[in-house]
Amino acid sequence: MDRFEAMSVVLAVAEAGSLSAAARRQKTPLATVSRKVSELEAHLETKLFNRSSRALVPTDAGRSYIAAAKRILADVAEAERAASGEYTTPRGDLCVSAPVALGRMYLQPVLAEFLATFPEVDVQLSLQDRAANLLEEHVDVALRIGALHGTFADSSLIAVRIGEIRRVMCASPAYLKSRGTPRSPEDLSRHDCISYPPLQSPSSWRFSRDKAEYVVPVRSRLVVSNLESACDAARAGIGITEAFSYHVAEAIKSGDLTPLLQDFQPPPQPVGFVYSPNRFMPVKLRAFLDFMIPRLRARLGDPPKRAAPRGRTGSAPAG
């Protein structure tokens, strides 16, 4: 019996929850997976799983064995990578996860430089607006918003802060010239708004100042399914919208958008890379972090500053 192979099969069964799912994951016949589990149980003279019609649940002995097998197989994999030179020269595949807009606007341009600098490293970039499970999805490093507090601080992941983002309310100078500039959240009731429901309700927007919360009714002339569309609509003069600082930084810098009501926005959120702790950090990952961190810090370290709107700056007219 190949013990390492048997360990791999048992781990697959434990993670998949059934023999058939493990067989699909391993691309191995179901009979082979069942036989290897039975052979290992016979060798250990103990039952590893309690079988039912729906799933396999590890026994107490099975849980202990699975935890030990996971450590053993991880050590073997690390030893093989070290022997192959992965820990001396940056090479191999690197799986990176990031939010869609943040990854496209900030990570990808720097990634092009990284690939040119390290020709033996190939990157698989997964852009998705959800937190990837690094272990289950085989992700080496993830760029996350809010990575340094909340649930991430309680996990086993290592987090490295690279900057911060904040929510920014903005509108085009042409719109503000026509409709006036809101000075308080209450002024929004007399304005046209562009809403992205996951961030703000189409019927009411929330604000905070000095630990007090404001909820004001708004009229959303346009409701969109992504923040990129909201920013495009704001630049076109449709109304006032709210987005994250990395969506609007360039537009504010160029004067195409003007930030509003900044004193009523919640505190900034940190942005950071997270990765799993490892006794042998691959050189490809260390090279990636060393290359990316200072460059992204330079880009994310300075959120958009206040800018005086073009044209009339008085309060919004009634009606």
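These figures come from a predicted structure and were not determined experimentally.

So, on to the sheet that holds strand S13 (residues 258–260). Pairing within the open sheet is mixed, and its five strands lie in the order S11-S8-S12-S7-S13. The sheet is open, and its two borders are formed by strand S11 (219–223) and S13, each paired with just one other strand. With strand direction ignored, the average angle separating the axes of adjacent strands in the sheet is 40 degrees. The sheet contact formed by strand S7 (residues 167–171) and S13 spans three bridges and is antiparallel. Within S13, the residue paired with Met 169 across the bridge is Leu 260.

Quick look at the packing of helix H1 (residues 3–16) against helix H2 (residues 19–26) now. At a closest axis distance of 8 Å, the pairing of H1 and H2 adopts a crossing angle of 120 degrees. Accordingly, the angle class assigned to the pair H1 and H2 is oblique. Along this stretch, H1 crosses H2, giving a crossing that reads as right-handed. Along the contact surface, H1 presents Ser 8, Val 9, Ala 12, Val 13, Glu 15 and Ala 16, while H2 presents Leu 19, Ala 21, Ala 22, Arg 25 and Gln 26. Across the contact of H1 with H2, the residue classes tally to seven nonpolar, two polar and two charged.

For the rest of this paragraph, the subject is the packing of aromatic side chains. Counted by the stated rule, this structure contains eight aromatic pairs. Taking 6.2 Å as the distance between ring centres and 80 degrees as the angle between the ring planes, the aromatic pair formed by Phe 118 and Phe 291 counts as edge-to-face. On the criterion of sequence distance, the pair formed by Phe 118 in the loop between helix H5 (100–117) and strand S4 (121–127) and Phe 291 in helix H9 (residues 283–300) is long-range, its members being 173 residues apart. Here Phe 118 and Phe 291 have matching classes, each one buried. Members of the aromatic cluster, joined through ring pairs, are Phe 114, Phe 118, Phe 273, Phe 288 and Phe 291. The ring centre of Phe 291 lies 3.7 Å from the NZ or CZ of Arg 295, which sits over that ring.

Here we take up the pairing of strand S10 (residues 212–217). Along any regular strand the residues' side chains alternate between the sheet's two faces. Bridge count for strand S9 (residues 204–209) against S10 is six bridges, and the pairing is antiparallel. Bridging from a neighbouring strand, Ser 204 pairs with Pro 217 of S10. Between S9 and S10, which follow one another and run antiparallel, lie two residues, and Asp 210 among them has a positive phi close to 50 degrees.

For the rest of this paragraph, the subject is the environment of Leu 227. Its place among the elements puts Leu 227 in helix H7 (residues 227–235). When the C-alpha atoms of Leu 227 and Phe 244 are compared, they prove to be 8.3 Å apart, with 17 residues separating the residues in sequence. Setting aside chain neighbours within four positions, we find Leu 227 in contact with Tyr 196, Leu 199, Glu 242, Ala 243, Phe 244 and His 247.

Next up on the list: the confidence of the model for the protein chain. The predicted model of the protein chain averages 83 in pLDDT, with 88% of residues at 70 or higher. This model gives residues 148–154 a pLDDT under 50, and the stretch forms eleven contacts once residues within four places in sequence are excluded. Residue range residues 302–319 is modelled with pLDDT below 50. Its contacts to residues more than four positions away, or to other chains, number 50 contacts.

Rules of the game
- Residues numbered from 1 in each chain as written.
- Predicted model: local features only at pLDDT ≥ 70, side-chain atom pairs only at ≥ 80, totals over all residues.
- Heavy atoms only, no water.
- Pairing = 2+ DSSP bridges.
- Helix = DSSP H or I, 4+ residues; strand = E, 2+ residues; numbered from the N terminus.
- Axes fitted to C-alpha atoms, helices over the stretch in contact; angles between N-to-C directions.
- Parallel < 35°, antiparallel > 145°, perpendicular 65-115°, else oblique.
- Left-handed = near helix turned anticlockwise from the far one by under 90°.
- Contact = heavy atoms within 4.5 Å.
- Nonpolar A, V, L, I, M, F, W, Y, C, P; charged D, E, K, R; others polar.
- Phe/Tyr/Trp six-rings, centres within 6.5 Å; stacked < 30°, edge-to-face > 60°.
- Buried < 20%, exposed > 50% of the residue type's maximum accessible area, 1.4 Å probe, protein only.
- Lys NZ or Arg CZ within 6 Å of the ring centre and 35° of its normal.
- pLDDT = per-residue confidence, 0-100.

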